[in-house]
Every structure is written in structure tokens, then in C-alpha cells.
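# Residue-level structure breakdown
Each chain, letter by letter, is given below.
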Amino acid sequence: MRPLQMVDTKTQYHKIKTEVDAAVISVLESSAFIGGKVVTTFADNLAKYHGSKHCIPCANGTDALQIAMMALGLEPGDEVITPSFTYIATVEVAALLRLKPVFVEVDPKTFCIDPAAIEKAITPKTKAIVPVHLYGHAANMDAIMKIAAAHNLFVIEDNAQGIGNDYTFSDGTTKKTGTIGNIGCTSFYPSKNLGAYGDGGAIFTNDDELASVLKMIASHGQSKRYYHDVVGCNSRLDAIQAAILDIKLQHLDEYITARVKAADFYDNAFVDNKKITTPFRAADNKHVFHQYTLLVEGVDRDGLHQFLADNGVPSMIYYPVPAHRQKMFDAFGGSNFNLPVTDWLTERVISLPIHTELDEEQQTFIVNKVLEFVNK
Ligand SMILES: *Cc1c(COP(=O)(O)O)cnc(C)c1O
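## Looking at the pairing of strand S5 (residues 154–158)
- With four of its five residues buried, S5 lies for the most part within the structure.
- Note: strand S4 (residues 126–129) against S5, two bridges, orientation parallel. Opposite isoleucine 129, over in S5, you have valine 155 as the bridge partner.
- What joins S4 to S5 is helix H6 (residues 141–151), and the crossover it makes is right-handed.
- Bridge analysis of S5 against strand S8 (residues 183–187) gives three bridges, and the strand direction is parallel. Residue pairing for S8: glutamate 157 is matched across the bridge by glycine 184.

## A closer look at the side chain of threonine 126
- As for its placement among the helices and strands, threonine 126 is situated in strand S4.
- Under the relative-accessibility criterion, threonine 126 is labelled buried at 6%.
- Setting aside residues no more than four positions away along its own chain, threonine 126 makes contact with Glu79, Ile81, Ala121 and Leu153.

## What to know about the packing of helix H3 (residues 61–71) against helix H7 (residues 208–218)
- Two elements in contact, H3 and H7, have axes whose closest approach is 9 Å; the angle formed by their N-to-C orientations is 120°. With respect to their mutual orientation, H3 and H7 come out oblique. Note on packing geometry: the crossing formed by H3 with H7 is right-handed. Every residue of H7 that contacts H3 at Ile67, Ala68, Met70 and Ala71 is listed here: Leu210, Val213, Leu214, Ile217 and Ala218.
- Split into classes, the residues belonging to the contact of H3 with H7 amount to nine nonpolar, no polar and no charged.

Scoring rules and cut-offs
- Residues numbered from 1 in each chain as written.
- Predicted model: local features only at pLDDT ≥ 70, side-chain atom pairs only at ≥ 80, totals over all residues.
- Heavy atoms only, no water.
- Buried < 20%, exposed > 50% of the residue type's maximum accessible area, 1.4 Å probe, protein only.
- Helix = DSSP H or I, 4+ residues; strand = E, 2+ residues; numbered from the N terminus.
- Pairing = 2+ DSSP bridges.
- Right-handed = clockwise from strand over helix to strand, strands pointing away.
- Contact = heavy atoms within 4.5 Å.
- Axes fitted to C-alpha atoms, helices over the stretch in contact; angles between N-to-C directions.
- Parallel < 35°, antiparallel > 145°, perpendicular 65-115°, else oblique.
- Left-handed = near helix turned anticlockwise from the far one by under 90°.
- Nonpolar A, V, L, I, M, F, W, Y, C, P; charged D, E, K, R; others polar.

So this is what it looks like as C-alpha cells:
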């Protein structure tokens, strides 16, 4: 059996090595390391894949979120409603810009922001909602877009874990996650579903005016070279990464299919176990399984994590501390938020290896070890 890993980017690389190596060498030979045709071609292809009018590449997913919040003209003190049950980047950038993160609950089934909790948290200072398509499952965008429209709020989708997901609205129309709100943000961190061999990110919008502001902010606020209209930042996707990503983009749907197949295998193996809840899949989207996350009850979760590690099975707790309980947010009154669902989930989630290269032998081994501990 090949050694088990949370993600196996090496085996995946070897399957596309010839193409990738040639693309990297071609960038080296061109000496166009920053910007240039390779980057714009990838951005165009990614926009096309998403059915999005604009795609602005940037340095990473965290920058994408920051640039999005800057482009919407959010001012210090403005409130941004976000889940606490997420990766820190989603909320860190709000704090960095001196906005006020307002943490709300997630739906205990989908792990994504709870629309009812959003409604309750809206105040006259609320300016934006930042739903996160956590683990690759889409947030309830139908409800979120209705709330946003009713209260005149911006929506910034954190699609770092959801890239490639299709969301179907109650009227039957389907859109890619990341193209539904005013702005969508994604990450090409190597372990993400569309992973670079380094850092990368992208921002999506269908709004022409917003697109030019986003582009400007990502490039030192310049409207034309050496003319700086607004305070921006420096956030670029390297040409080498763009060349690699353009190849991997052609495989993204097949990568998602492989992840879903692995998830199906786990689902079948755990379906009858009363102590294990397998990931919920709402009918309005296809889960793209960035993570395969179990909820365990009546099980020593941390004991399970350790037992798996002792038996060569990696697993992860995403995330061991919810955002509102991070020290970082003490100054923002993080501990004043009362989020029992978030706390409850935090104590019970455990993510198993999921990636494009898992085989049945590996999955059988993982399943048996999980059941051995859970059933003892
Ligand atoms: C990975 C991730 C980010 C940040 O992306 P980076 O490219 O690492 O900056 C933001 N939000 C979520 C939910 C993520 O998983």
C-alpha cells in the first residue's frame, strides 16, 4: 500500500508531469515571470470555466478576500457577517481592514453559514455577508442572496474550498459557486481542489466597474503605469503558477469526480454506524469534497485522531479553535459571541484523507482503522 497522506500532490503531479514540466520550462525560456500572456490566458480560461465575466488573478486566497473588501469601499467599523466555523483568513482580512467581523452560526448539517443567523445579526452598520463554501459544500446561496437583496448588502463568497461546485437556485438556474455574490474569491494553495505548486488566488465578478477597481487595487492602485489613484496592494499570480494551473484546470472536473468517488466509498462504509455522521449533501449543489469531514458522537474524537496517527492514518481537525475564540479576536470582542453550534461542531469534527489519488486498498485500511476505534 502506498503511504497514506491527507493529500497526494506528488502522485497527481506524476500523471501530468510531461505537460507541466514543458510549461514551466517554456515560462523560464520566455523570461516573462510576472504578468504576460500565460497569466491572462489562464485567467480567461478560468473565467470561462466559471461562466464569470471577469477573473482577476492574485497572489493567494487571503489577498483575494482582502482586495474584495477593499474594492467594495467598506470603511472601518462597518460590520461584515461571517461564520466563525471557517479558516481564519476569511475573517482575519476583515479585522486587518478595521472592519468589524460579526460571527454567526453555521448549519450543523452543511457546516456553512446559517441564513437565519445572518438575518438576526443584521444591524444598520452591516455592509456585507461573507459565506464560506466550507469543505466544498455550498452555502445556502438562494437564501443568502435574498437576504442581501432585502437589506442592500454585498456578498463576498469565500470559494477557496468550493471551486468547481455548481449551485442550483430554487428557480432552477445553476451557477458556479464563486460567481453568485458581488465578488467570489478562491485560492490555489497546493492542497486546494485546483492547487498550484506554490501560492495563488483569484477574484471573480460579473460587474465591469468592480472588475476594474479589483484589478487596480491588486496592482498598487494604479490606473495606468506609475499613476496611482487609490491605496492598493501588490498581489500577483506568478506566470509559472499560471502555466501549471492552466494545465490542471483542464483536469479539475475529473479531479472533483475522483474526490466524490472517494467520498462515496467512505459514505458506504460508515452509513450504518450510529456514532458517525457522514457529510450531508444538500440537493442544491454538488459537494466537491475539498475535505471529507465526519461528525463523531459518543467517541473520544481526539483519541480517534491520535489512534489514527499511531496507525499511519493522517487525519485533521478543521478547525480546532473557531475564529471567535482565537486570541486574535480578543480585541474585537470575539469571546462575546455565543455560538453553541460552532462549539459543538468544533469538538466533534474529524477530516479523513481525501484527494484524487486515493485507491480502494488505502480507503479500506482507513475505514477499518476508524471503525476499530469507534466500535471498541
Ligand atoms: C485556503 C483558504 C483561504 C486562504 O487561501 P490562501 O491561498 O491560503 O491565502 C481562505 N479561506 C478558506 C476557507 C480557505 O480554505
